[in-house]
Amino acid sequence: LLVCICILMVAASCNTGEPAPSEGLVTTQQTGSQPLGTGTLSLAFSASDSLNPYTAVTKVNKQLTALLFDPLVKLDEQINPVLCLAKSAVVEGNKCIVTLNDAQFSDGTTVTADDVVYSLNLAQEAETTIFPQQLANIASCGAASSTVVEFTMRTEDPNVIRLLDFPIIKTNSEDRQNADKKALPPIGCGRYVYQDDHGSYS
């Protein structure tokens, strides 16, 4: 009887059908609806490193900055540009004209063309990122108005819009510190805001 039970168990384990999900593993099917409920999501980061997108050195902190800071465009899986803070982006010869969406930083102030120019200058000097090489063809950048930015390229590049995925921060906000003189991340306009409550991070 024991041998028969063992043979049946072996036969059952060789079943070629779909394996049953592990206990405690919940599989869900994506639908078009919004997720329900609230909760807490814990993410690792290096407290000894910065969450400034232009000075962070650890991989995990660099990845987290994508939650705190939005760019003008994001790239999809086919590396096509998807407008984010940019409402439109048009290439004309060696110029790229970007019009901004109506967006706000986490402190409630409006994202302006001056903030984009300021962020581009930081990006072109950020030694711990790929941005200096990526943006090397941009010779200058200026605010044509509060919502229009004009990029001038050294040589014509019809694909320059794909390169405008550098994070936008509020002008001069990278020098912020808390009461203990610890550096705080710059002010961004991403979906999440960093909080430090006496060593309790959220």
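Residues numbered from 1 in each chain as written. Predicted model: local features only at pLDDT ≥ 70, side-chain atom pairs only at ≥ 80, totals over all residues. Heavy atoms only, no water.

A. Focus on the overall build of the chain. The secondary structure content of the chain amounts to four helices and eight strands. Reading the chain from its N end, one meets helices and strands in the order α-α-β-β-β-β-α-α-β-β-β-β. For the chain, the share of sequence-separated contacts (at least 6 apart) that also reach a separation of at least 24 residues comes to 54%. Here the chain has roughly 13300 Å² of accessible surface; of this, 54% comes from carbon and sulfur atoms. (Helix = DSSP H or I, 4+ residues; strand = E, 2+ residues; numbered from the N terminus. Contact = heavy atoms within 4.5 Å. Areas by Shrake-Rupley, 256 points an atom, 1.4 Å probe, with all protein chains shown as cover.)

B. Fine view of helix α3 (residues 113–125). Relative to the 18 Å expected for 13 residues at 1.5 Å per residue, α3 spans 19 Å between its end C-alpha atoms, a close match to the ideal helical length. If you check which residues of α3 are buried, you get Ala113, Asp115, Val116, Val117, Tyr118, Ser119, Leu120 and Ala123. Where α3 is buried, its residues touch β4 (95–100), α4 (131–134), β5 (138–143) and β6 (148–153). (Expected span 1.5 Å × (residues − 1). Buried < 20%, exposed > 50% of the residue type's maximum accessible area, 1.4 Å probe, protein only.)

C. Geometry of the state of the cysteines. On inspection of all chains with the given rule, the structure shows zero disulfides. Summary of cysteine pairing: Cys141 is not part of a disulfide, and the nearest cysteine sulfur, belonging to Cys96, is at 9.4 Å. Taking relative accessible area as the criterion, Cys141 reaches 18% and is therefore assigned buried. Cysteine Cys189 shares no disulfide, and the gap to the nearest cysteine sulfur, in Cys84, comes to 7.3 Å. (Disulfide = S-S within 2.5 Å.)

D. Spotlight on the confidence of the model for the chain. When pLDDT is averaged across the chain, the result is 85; 81% of the residues are at 70 or more. Taken together, the stretch residues 15–31 has pLDDT below 50 and engages in zero contacts with residues farther than four places along the chain or on a different chain. (pLDDT = per-residue confidence, 0-100.)

E. Just the environment of Leu120, in detail. With respect to the element layout, Leu120 can be found in helix α3. With relative accessibility at 1%, the residue Leu120 sits in the buried group. Sequence-wise, Leu120 and Leu135 are 15 residues apart; in three dimensions their C-alpha atoms are separated by 8.5 Å.

F. Spotlight on unusual backbone geometry. At Ile79, a residue that is not glycine, the phi angle is positive and equals roughly 60 degrees. On the secondary structure map, Ile79 appears in the loop between β1 (73–75) and β2 (81–83). Of note in the backbone geometry, Asn172 takes a positive phi value of approximately 65 degrees without being a glycine. In this structure, Asn172 sits in the loop between β6 and β7 (196–197).

G. Spotlight on the side chain of Ser46. With respect to the secondary-structure elements, Ser46 resides in the loop between α1 (2–13) and α2 (59–68). Non-local contacts of Ser46, meaning those with residues more than four positions away in its chain, are made with Thr58, Val60 and Asn61.

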